[in-house]
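# Architecture and fold: a report
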Amino acid sequence: MKKFIETIKNIFKIEELRKRLGYTFVLILIYRLGCFIVLPGIDATMLAKLQATTSEGLVGLLNMFSGGAFGNASIFALGVMPYISASIVVQLLGMFVPYFRKLQMEGESGRKKMNQITRYLTLIIICIQGPAYMAALHGQIPGQAFVAVNQLGWSNFAYNLVATIILMAGSMFVMWLGERITDRGIGNGISLIIMIGIVARLPFAVVAECGEKLATTNGGLLLLIIEFIAWFFVIIAAIALVQAVRRVPVQYAKRVVGNRQYGGVRQYIPLKINAAGVMPIIFAQALMLFPLIFSRWDSTRGLAATLGNYTGFWYNFIFAVLIIIFTYFYTAVTVNPTMMAEDMKRNGGFIPGVKPGKKTAEYLDSIMSKITGPGSIFLALIAILPAFAIKLGVNQQFASFFGGTSLLILVGVILDTLQQIEGYLLMRHYDGLMKTGRLSGRSGM
């Protein structure tokens, strides 16, 4: 405890780190305040039905990514989801379109061009999602809630147009906040904004679970303790999944330039066991909404009920299979062994015992295939853990933190931010956040 307090003091001794943390805190506070500002022209007291329908499925995922703004009909309702969608599209284009593949290999200039393309694509996506959100809003809340239409005499088209422009401005402002945090704050701004939205729900979930368990006299306190112990081990498992890497040794040839010798050292390529992150879960959750279409017909209503029961066997079995499939797919899209082998060869590096070029690419591809299998299964197990928690009597709000997207994003973003803070401490010759001076599980080159 004494070492931890000393580390906190050291963090505030570093002026640059102190300013970055303060800047990050102020921008996050602005974002959280904006999440509660309801769209002009809507009566905030009539949003109870909308908030009740944004607790599960893809809509629940969107509400989580927006920090509850989606269910509050806030000016930040679309949040960073349009930007994330645009980023995914640009990543996929980088694999299949030669122009984008060329930009990826141009270094900093190519990255700037891709960021600009991503912003333009974000605007296009917002122009689609904004009217769709307003249409869903008209279907979810009473007509009397639209004060601008009922009392001020606006037409639905005029109000929806103005509201869409406000949503567009709000989403772009959130994206700007994320970029400012990345440039002048600490951590990845977009990821931090998503994480803060998730963390904001955690205290309410814990209080609800404690109140429910302590209200029962039949061993409620003991069950609560067991739940928190189980949650601790689930967090440990999620950290292991996020941090686990297979280190591939790379030897660099010696080069003599003038009187100096370069290279001749052994480094490592850290290949992540879960290179796809949380994207397979997001894709799988989106697909699991399609069975709800069958609920429109009497003959298939039973099938829809079976496949739509998120605590049932068939829902979770199909969900897990889809996660495994998407993990392989997204890993193949984001990890390019051929490009890695070419970069390695260009820099005079080689894997001991493996020929440079095609053989190196095949070797890296075989390693990724071997480690992606257990990684995908482990990811699927963590994704379906909330269903098991609900079956065992855990409150639905708190059960969502027993696994799935919420827990993986929390763990990943927190670890990434702590690593950046640790880097500042080590640069100023202070001790790191851990006794060893390095975060446990952190991969080094």
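### Quick look at the pattern of salt bridges
What the rule picks out here adds up to 8 salt bridges. Between Glu-209 and Lys-213 there is a salt bridge whose closest N-O contact spans 2.8 Å. You can see Glu-209 and its partner Lys-213 sitting in helix H11 (residues 202-214), 4 residues apart, about one turn around the helix. Given a relative accessible area of 0%, Glu-209 falls into the buried group. A salt bridge links Lys-213 to Glu-212; its shortest N-O distance comes to 4.0 Å. A relative accessible area of 7% places Lys-213 in the buried class.

### Overview of a nonpolar patch on the surface
There is a patch of nonpolar side chains on the surface, built from Phe-25, Val-26, Leu-29, Ile-30, Leu-33, Phe-173 and Trp-176 and spanning about 670 Å² of accessible area. Of all the elements in the fold, those that place two or more residues in the nonpolar patch are helix H2 (15-34) and helix H9 (156-184). The biggest single contributor to the nonpolar patch is H2, with 5 residues. Looking at the secondary structure, you find Ile-30 in helix H2.

### Some thoughts on the sheet that holds strand E1 (residues 245-252)
Here we have 3 strands laid out as an open sheet, ordered E4-E1-E5, and antiparallel in their pairing. Taken across any chain shown, the strands that pair with only one partner, and hence form the sheet edges, are strand E4 (266-272) and strand E5 (349-350). When E1 meets E5, the two strands line up antiparallel, connected through 2 bridges. Bridge assignment links Gln-251 to a residue of E5, and that residue is Phe-350.

### Digging into H11
For H11, which comprises 13 residues, the first-to-last C-alpha distance of 18 Å matches the rise-based estimate of 18 Å (1.5 Å per residue) to within 8%. Listing the buried residues of H11 in full gives Leu-202, Ala-205, Glu-209, Cys-210 and Lys-213. Around the axis of H11, the buried residues are gathered within 130 degrees of arc, so they sit on the same side. Summarising the geometry of H11, the exposed residues directed more than 90 degrees from the buried face are Phe-204, Val-207 and Leu-214. Buried residues along H11 sit in contact with helix H10 (189-199), helix H12 (220-243) and helix H18 (396-399).

### Points about the pairing of E1
In this sheet, E4 lies alongside E1 in antiparallel orientation, the contact comprising 7 bridges. In the sheet register, Val-248 faces E4, and the bridge partner there is Ile-269.

### Re the packing of H2 against H9
Remark: H2 packs on H9, axes separated minimally by 9 Å, with the N-to-C direction vectors making an angle of 170 degrees. Taken together, the axes of H2 and H9 are roughly antiparallel relative to one another. Packed against H2, whose contacting residues are Arg-20, Tyr-23, Thr-24, Leu-27, Ile-28, Ile-30 and Tyr-31, the element H9 presents Phe-173, Val-174, Leu-177, Arg-180, Ile-181, Asp-183 and Arg-184 at the interface.

### Here we look at the environment of Glu-342
Following the sequence through the fold, Glu-342 ends up in helix H16 (residues 337-346). Given a relative accessible area of 40%, Glu-342 falls into the partly exposed group. Sequence spacing of Glu-342 and Thr-360 is 18 residues, and the spatial spacing of their C-alpha atoms is 8.9 Å.

### What to know about the side chain of Arg-20
For Arg-20, the location among the structural elements is in helix H2. Non-local contacts of Arg-20, meaning those with residues more than four positions away in its chain, are made with Asp-183, Arg-184, Gly-185, Ile-186 and Tyr-424.

### Points about the nonpolar core
With 81 residues, the main nonpolar core has Ile-42, Tyr-133, Leu-137, Tyr-159, Phe-319 and Leu-408 as its most contacted residues. Ranked by size, the runner-up nonpolar core spans 12 residues in total, among them Ile-269, Val-335, Ile-367 and Ile-371.

### Some points on the packing of H16 against helix H17 (residues 358-391)
H17 packs onto H16 with a crossing angle of 135 degrees between their chain directions and a minimal axis gap of 8 Å. With respect to H17, the element H16 is oriented oblique. As for how H16 packs across H17, the hand of that crossing is right-handed. Residues Pro-337, Thr-338, Met-340, Ala-341 and Met-344 of H16 lie in contact with H17, whose contacting residues are Thr-360, Ala-361, Leu-364 and Asp-365. Looking at side-chain class alone, the contact of H16 with H17 contains 6 nonpolar, 2 polar and 1 charged residues.

### Some points on the packing of aromatic side chains
In this structure the tally under the stated criterion is 15 aromatic pairs. Aromatic pair Phe-228 and Phe-398: ring centres 5.6 Å apart, planes at 50 degrees, arrangement tilted. Residue Phe-228 is located in helix H12, and its partner Phe-398 is located in helix H18; the two are separated by 170 residues in the primary sequence. Judged by relative accessible area, which is 0%, Phe-398 ranks as buried. Between Phe-232 and Phe-233 the ring centres are 5.6 Å apart and the planes differ by 75 degrees, which places this aromatic pair in the edge-to-face class. Assessed through its relative accessible area of 46%, Phe-232 is described here as partly exposed. An aromatic cluster is defined as three or more aromatic residues linked by ring pairs; in this entry it consists of Tyr-31, Phe-76, Phe-173 and Trp-176. Taking NZ or CZ as reference, Arg-247 lies 4.2 Å from the ring centre of Tyr-268, over its face.

### As for H10
What sets the pattern is the α-helix's 3.6 residues per turn: residues three or four places apart point alike. Most of H10 is tucked away: 9 of the 11 residues are buried. Listed as buried for H10 are Gly-189, Ile-190, Leu-192, Ile-193, Ile-194, Met-195, Ile-196, Gly-197 and Ile-198.

### Quick look at the environment of Met-340
With respect to the element layout, Met-340 can be found in helix H16. Once the C-alpha coordinates of Met-340 and Ile-269 are considered, the two residues, 71 residues apart in sequence, prove to be 9.5 Å apart. Apart from residues lying up to four places away in sequence, Met-340 is in contact with Ile-269, Leu-271, Val-335 and Leu-364.

Reading guide: rules and limits
Residue positions are counted from 1 within each chain, in the order its sequence is given. It should be noted that, the model being predicted, local features are given only for residues of pLDDT at least 70 and side-chain atom pairs only at 80 or more, the latter also being counted only at that level, while totals for whole chains, interfaces and linings use all residues. Working from all heavy atoms in the structure, the side-chain values ignore hydrogens and water. Note on definitions: salt bridges are taken to be side-chain nitrogens of Lys or Arg within 4 Å of carboxyl oxygens of Asp or Glu. Strands here mean DSSP runs of E at least two residues long; helices mean DSSP runs of H or I at least four residues long; both are numbered from the N terminus. Accessible area is worked out with a 1.4 Å probe on protein chains only. A residue is then buried under 20% of its type maximum, exposed over 50%, and partly exposed in between. Each patch groups residues whose relative accessible area exceeds 30% and which form no salt bridge, using 9 Å between like charges and 5 Å between nonpolar side chains of Val, Leu, Ile, Met, Phe, Trp and Tyr. The accessible surface values rely on the Shrake-Rupley method and a 1.4 Å probe; as for residues, cover is taken only from the protein chains in view. A pair of strands is labelled paired if DSSP reports no fewer than 2 bridges between them. Each helix should span, by expectation, one fewer than its residue count multiplied by 1.5 Å. The arc refers to the directions leading from the helix axis to the C-beta atoms. Only heavy atoms enter the contact rule, under which two residues are in contact if any of them lie within 4.5 Å. Every axis corresponds to a line fitted to the C-alpha atoms, with the helix fit spanning only the stretch in contact, and the corresponding angles, defined between N-to-C directions, vary from 0 to 180 degrees. Throughout this description, any angle smaller than 35 degrees is read as roughly parallel, any larger than 145 degrees as roughly antiparallel, any in the 65 to 115 degree range as roughly perpendicular, and the remainder as oblique. Joining through side-chain atoms within 4.5 Å is the link that ties buried Ala, Val, Leu, Ile, Met, Phe, Trp, Tyr and Cys residues into a set, and such a set is a nonpolar core. The hand of a helix crossing depends on one turn: near helix anticlockwise from the far one by less than a right angle means left-handed, and clockwise means right-handed. Note that Gly is not counted as nonpolar here; it falls among the polar residues with everything else outside the nonpolar set of Ala, Val, Leu, Ile, Met, Phe, Trp, Tyr, Cys and Pro and the charged set of Asp, Glu, Lys and Arg. Whether two aromatic rings pair depends on their centres lying within 6.5 Å, for rings of Phe, Tyr and Trp, where Trp uses its six-membered ring; planes under 30 degrees apart make the pair stacked, over 60 edge-to-face, and the rest tilted. By definition, being over a ring means that NZ of Lys or CZ of Arg is both within 6 Å of the ring centre and within 35 degrees of the ring normal.

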